[in-house]
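Listed here are the chains, written in short residue letters.
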Amino acid sequence: MRIRATVAAVSGALALSALAVPASQAAQPGGDRPSAPEYGFAAQRGAADAPKAKGLTAAAKAAAAPVITKTVVNGGKPIVVGTTATKKVTVAITATHPSGIADAGTLLWIGKSLDDEDTFGFGQNEDNATCKAANATTSTCTLTVTVDPWMLINTDATYWNVGAAVLAKDGMDAHNDKYTKIRFQRLSKLTVNASPEPVKKGKTLTVTGKLSRANWETSTYKGYATQTVKLQFRKKDSKTYTDVKTVKTSGTGTLKTTTTKTTASGYWRWSFAGTASTPAVNATGDYVAVK
């Protein structure tokens, strides 16, 4: 049985509850995954915003609302997730308002819209953001979101929407469910083995390895087929790798090639440039002495 977490909004705070789901259902989109949670600061806004917004037209409310100027997720880098370990990412929301900024909220979600029953998302960990004022009107508010690979399916390796919300000190608020996007990627691994060790100068060296990536639906690493990978070499006294040749992975992600460029002792490795769904990765160099 897999334990999956559902996220609910309770009095403006995010609460977690456990839901047991059979492993055989883990790869099924919708149905066994909870819908995207609410986000923001309902408790604070319900008390502070209503009196101040009363009687304002829609245009006046929009003009009085705080302005979100920037939202950065995970330092602007893709969120790379493996098979078992959760990943905590930081979301920094910068906003401005004449009264100052009191709070912020966020949501990472994937789907057609927040109203769609198949939409899924990860909510913020904190009840309240930590806001640091740049001046009297502008602050950057920081929250964290925990991404659980057990909740992901392989097609989630794409762009996700980032919802951002801010609360001004006078009670006015602003929400943007699609303020920006962030890419999710499946963690990749790459191995290498060069033999024989040592090798005679000018003789054939065989280099093998395997490229694999996280399969979120089985919680395992599966070979990444028919991908272009470079064989690289660096001399033992050098810090720079140079390309030797290009090889494609097999249907199971394995790599194998031979080379006679064995003129100096040094390190051999495979290097994968990455794809949209899978990050770049370099194997740890395998040292081979030339005799």
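Our structure's up above, just so we're on the same page.
Definitions and limits used
Residues numbered from 1 in each chain as written. Predicted model: local features only at pLDDT ≥ 70, side-chain atom pairs only at ≥ 80, totals over all residues. Heavy atoms only, no water. Pairing = 2+ DSSP bridges. Helix = DSSP H or I, 4+ residues; strand = E, 2+ residues; numbered from the N terminus. Axes fitted to C-alpha atoms, helices over the stretch in contact; angles between N-to-C directions. Disulfide = S-S within 2.5 Å. Core = buried A, V, L, I, M, F, W, Y, C linked by side-chain atoms within 4.5 Å. Buried < 20%, exposed > 50% of the residue type's maximum accessible area, 1.4 Å probe, protein only.

(A) Representation of the sheet that holds strand β8 (residues 130-133) within the structure. Strand order in the open sheet formed by four strands is β3-β5-β9-β8, and the pairing between neighbours is antiparallel. Only two strands of the sheet have a single neighbouring strand rather than two, namely β3 (67-73) and β8. Each strand of the sheet is rotated relative to its neighbour by a mean of 20°, with strand direction disregarded. In this structure, strand β5 (residues 87-96) lies alongside strand β9 (residues 138-147), joined through 10 bridges in antiparallel fashion. Each residue of the ladder has a partner; that of V91, found in β9, is L143.

(B) The state of the cysteines, seen in detail. For the coordinates displayed, the defined rule picks out one disulfide. The disulfide partner of C131 is C141, and the S-S distance across this bridge is 2.0 Å. Measuring the twist about the S-S bond at about 110°, one finds the C131-C141 disulfide to be right-handed. Taken as a pair, C131 in strand β8 and C141 in strand β9 lie far apart in primary sequence, 10 residues in all.

(C) Quick look at the nonpolar core. In this structure, I79, I93, L108, F122, L152, W160 and F184 are the most contacted members of the largest nonpolar core, which totals 32 residues. Looking at this core, the elements that each hand over two or more residues are β3, β4 (79-81), β5, β6 (101-110), β7 (120-123), β9, β10 (159-168) and β11 (173-186). In this structure, V192, L211, V229 and V288 belong to the second largest nonpolar core, which totals 21 residues.

(D) Main features of unusual backbone geometry. Cis peptide bonds are those with omega within 30 degrees of zero, and the linkage from S195 to P196 qualifies with 5°. In this fold, P196 is placed in the loop between β12 (188-195) and β13 (205-215). In this model, E197 is joined to P198 through a cis peptide bond whose omega is 0°. By secondary structure assignment, the location of P198 is in the loop between β12 and β13.

(E) Local environment of the sheet that holds β4. Ordered by their spatial adjacency, five strands build an open sheet running β4-β11-β10-β6-β7, and the pairing between neighbours is mixed. Each edge of the open sheet carries a strand with a single partner, namely β4 and β7. Adjacent strand axes in the sheet meet at a mean angle of 30° when their direction is disregarded. As paired elements, β10 and β11 share eight bridges and run antiparallel to each other. Residue pairing across strands places N161 opposite K181, the latter belonging to β11.

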